[in-house]
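Reading the structure
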Amino acid sequence: MNTKVNKQETNEELNKRLYLAEFEYFDSEECITFNIVDIDLDNMNITVAVTNRGRISVITYDLLRDGDCLYFEYGNFYEQIEIDNFTEVDCNG
């Protein structure tokens, strides 16, 4: 499924399309799962539910841009987590 951010999309359209989109990141010890809760392109913020070692945290990160790529930085080493790498969740079954 396409998670590429379209520059013409409003925040509301983007949030509806990407709500709970998922990405798994391996930090060399465990898989960490990110689910998008909210994206605010006006303020360049992203709120994600982070599942890390059995604990769930809801965290807001600064949304950064590198050319056409939107990402946020995670962890002690500021790993780039790109929005384009998330997978949409099909809530319709």
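See the structure shown above.
Quick summary incoming for the structure in this document. Predicted model only: the values in this text are computed from it and were never measured.

1. Section: the environment of F34
Within the secondary structure layout, F34 lies in strand β2 (residues 31–40). On the basis of relative accessible area, F34 is assigned to the buried category, the value being 0%. The sequence separation of F34 and N52 amounts to 18 residues, and the corresponding C-alpha distance is 8.9 Å. In contact with F34, other than residues within four places in its own chain, are A21, E22, F23, Y25, V48, A49, V50, F72, Y74, I81 and F86.

2. A look at the nonpolar core
Core analysis: the biggest nonpolar cluster contains 21 residues, and F34, I36, I46, F72, Y74, I83 and F86 have the highest contact counts within it. Mapped by element, the contributors of at least two residues to this core are α1 (11–18), β1 (22–26), β2, β3 (45–52) and β6 (69–74). Tallying contributions element by element places β2 first for this core, with four residues.

Parameters and conventions
- Residues numbered from 1 in each chain as written.
- Predicted model: local features only at pLDDT ≥ 70, side-chain atom pairs only at ≥ 80, totals over all residues.
- Heavy atoms only, no water.
- Helix = DSSP H or I, 4+ residues; strand = E, 2+ residues; numbered from the N terminus.
- Buried < 20%, exposed > 50% of the residue type's maximum accessible area, 1.4 Å probe, protein only.
- Contact = heavy atoms within 4.5 Å.
- Core = buried A, V, L, I, M, F, W, Y, C linked by side-chain atoms within 4.5 Å.

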